[in-house]
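Architecture at a glance
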Amino acid sequence: MPNLNSELHQNWETDGYLRIPRFFSDKEVTDLQTWVSEISRWKPTSDKWMHHYESTLNGPRLSRSENFVPYHIGMKATVTRGKVLDVVSELMREPAVLYKEKINYKYPGGGGYAAHQDAPAYEFVNYHITCLISVDSATPETGCLYFAPGRHREGFIALDEKGCVAPEAAAEMAWVEAPTNPGDILLFGSYIPHKSPANRSDHPRRIIYLTYNASSQGDWRERYYTDKRKAFSAYAKDGSNRDKQISKIAHFQGKTVNHAKLR
Ligand SMILES: O=C(O)CCC(=O)C(=O)O
């Protein structure tokens with residue numbers, strides 16, 4: 001059961017995010033790397049996990065996989081019990097439950113993410129904590145996250161039509177890079193503004209994002225994915241182009257590719 005010291009709690013309160021280096025052992029990192037590779041090789045499906053693809057200089061590549069926890073025993077154990085759940089519950093100040101999970105691959109040339117808060121995309125519950133697990137090393141060159149420390153206390157900030165922080169407001173924020181090594185975690189709440197650049201390196205930058213809510217607010221995971229599937233099949237028919245997004249907010253700056261068009 002992680003018990004964070006008062007300095008770490010203070011950092012969390014002040015900044016709105018918290019990095020814990022070497023949270024996972026070398027053996028656990030090797031497992032996580034293997035599992036992410038396994039999931040990335042799963043064939044696309046319309047009713048189980050979701051894969052999203054993007055165009056890169058090396059051709060179409062996976063940009064994101066979601067809803068894999070029910071189909072992977074190792075991942076399920078790691079994310080639904082044990083030290084990840086404990087640390088998130090500690091920061092949540094009550095037991096937490098998994099709301100959603102994703103892997104963002106960001107292969108060489110993979111797109112970045114515009115400045116945004118997660119809350120507009122995470123419906124049904126008003127507060128979430130995400131645990132980012134660095135599978136590869138994330139640097140400014142490979143596309144690590146940048147946060148605007150302390151700006152998590154302001155509710156929605158300058159929400160634009162894309163569901164992001166309006167570019168003029170984002171340009172005024174003081175951004176701090178948050179590089180991570182394999183096995184490090186970064187915890188952040190759903191109101192902290194963050195962004196990331198494209199991967200300008202020759203190496204993948206794979207990251208797992210596990211998002212939780214307070215269990216007193218209910219278990220919304222299935223409903224979240226049912227709703228997302230429904231919304232995206234409606235977007236595909238309504239001529240809005242929103243089916244080119246990978247989230248309900250239009251923060252992804254890569255060029256998405258429909259998997260039906262992949263060989
Ligand atoms: O993986 C990244 O570079 C950022 C991802 C992100 O902020 C998101 O998926 O909402």
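Before reading on, note that the structure itself is shown above.
1. Digging into the overall build of the protein chain
Helix and strand counts for the protein chain come out as 6 helices and 12 strands. For 263 residues, the compact-globule formula gives about 18 Å, and the C-alpha radius of gyration of the protein chain, at 17 Å, lands near that figure. With the C-alpha coordinates aligned to their principal axes, the bounding extent of the protein chain is approximately 50 × 45 × 40 Å. Taken over 263 residues, the protein chain has a buried fraction of 53%. Contacts in the protein chain between residues at least 24 apart in sequence constitute 82% of all its contacts with a sequence separation of at least 6. Of the roughly 12300 Å² of accessible surface on the protein chain, 50% is carried by carbon and sulfur atoms. Averaging the positions of the 34 positive and the 31 negative side-chain charges in the protein chain gives two centres separated by 7 Å.

2. Digging into unusual backbone geometry
Phi at asparagine 67 is positive, roughly 55 degrees, even though this residue is not glycine. Asparagine 67 sits in the buried class, given a relative accessible area of 7%. Of note in the backbone geometry, alanine 158 takes a positive phi value of approximately 45 degrees without being a glycine. On the accessibility criterion, alanine 158 (36% relative accessible area) is partly exposed.

3. Considerations on the nonpolar core
In terms of nonpolar packing, the biggest core is built from 40 residues, with Val88, Ile185, Leu187, Ile208 and Tyr212 touching the most fellow members. Taken together, the elements giving at least two residues each to this core come down to β1 (17-20), α2 (26-41), α3 (73-80), α4 (83-92), β4 (96-104), β6 (129-134), β9 (185-189) and β11 (207-214). Setting aside residues up to four positions removed in sequence, valine 88 forms contacts with Ala96, Ile129, Cys131, Leu187 and Tyr212. Membership of the second largest hydrophobic core comes to 20 residues, among which are Cys144, Ala148, Leu186 and Phe188.

4. Quick look at the pairing of β11
With 8 of 8 residues buried, β11 lies mostly within the body of the structure. Pairing analysis gives 8 bridges linking β4 to β11, with the strands arranged antiparallel. Bridging from a neighbouring strand, lysine 102 pairs with tyrosine 209 of β11. The pairing of β6 with β11 spans 6 bridges and is antiparallel. Across the sheet, the residue bridging to leucine 132 is tyrosine 209, located in β11.

5. Digging into the sheet that holds strand β7 (residues 145-147)
The strands making up a sheet associate through backbone hydrogen bonding, with each pair oriented either parallel or antiparallel. Spatially, the 4 strands line up as an open sheet ordered β5-β10-β7-β8, and their pairing is antiparallel. Each end of this open sheet is capped by a strand with a single partner; those strands are β5 (113-116) and β8 (176-178). Strand-to-strand twist in this sheet, taken as the mean axis angle between neighbours without regard to direction, amounts to 25 degrees. Note that β7 and strand β10 (residues 194-196) share 2 bridges and pair antiparallel.

6. What about the site of the ligand?
The environment of the ligand is made up of 14 residues, and the closest members are Arg64, Lys106, Ser196, Arg205 and Tyr209. Note that an oxygen atom of the ligand is positioned 2.6 Å from one of the side-chain N or O atoms of tyrosine 209. Histidine 251 is positioned with one of its side-chain polar atoms (N or O) 3.1 Å from an oxygen atom of the ligand. When the ligand sits alone it has 300 Å² of accessible area, and the protein chains cover 99% of it. Those elements that provide at least two residues to the shell around the ligand are β4, β5 and β10.

The rules behind these values
Residues numbered from 1 in each chain as written. Predicted model: local features only at pLDDT ≥ 70, side-chain atom pairs only at ≥ 80, totals over all residues. Heavy atoms only, no water. Helix = DSSP H or I, 4+ residues; strand = E, 2+ residues; numbered from the N terminus. Rg over C-alpha atoms; globule rule 2.2 N^0.38 Å. Buried < 20%, exposed > 50% of the residue type's maximum accessible area, 1.4 Å probe, protein only. Contact = heavy atoms within 4.5 Å. Areas by Shrake-Rupley, 256 points an atom, 1.4 Å probe, with all protein chains shown as cover. Lys, Arg positive; Asp, Glu negative; His and termini not counted. Charge placed at Lys NZ, Arg CZ, Asp CG, Glu CD. Core = buried A, V, L, I, M, F, W, Y, C linked by side-chain atoms within 4.5 Å. Pairing = 2+ DSSP bridges. Axes fitted to C-alpha atoms, helices over the stretch in contact; angles between N-to-C directions. Near = heavy atom within 4 Å. Polar contact = N/O pair within 3.5 Å; in protein donor to acceptor, adjacent residues only side chain to side chain.

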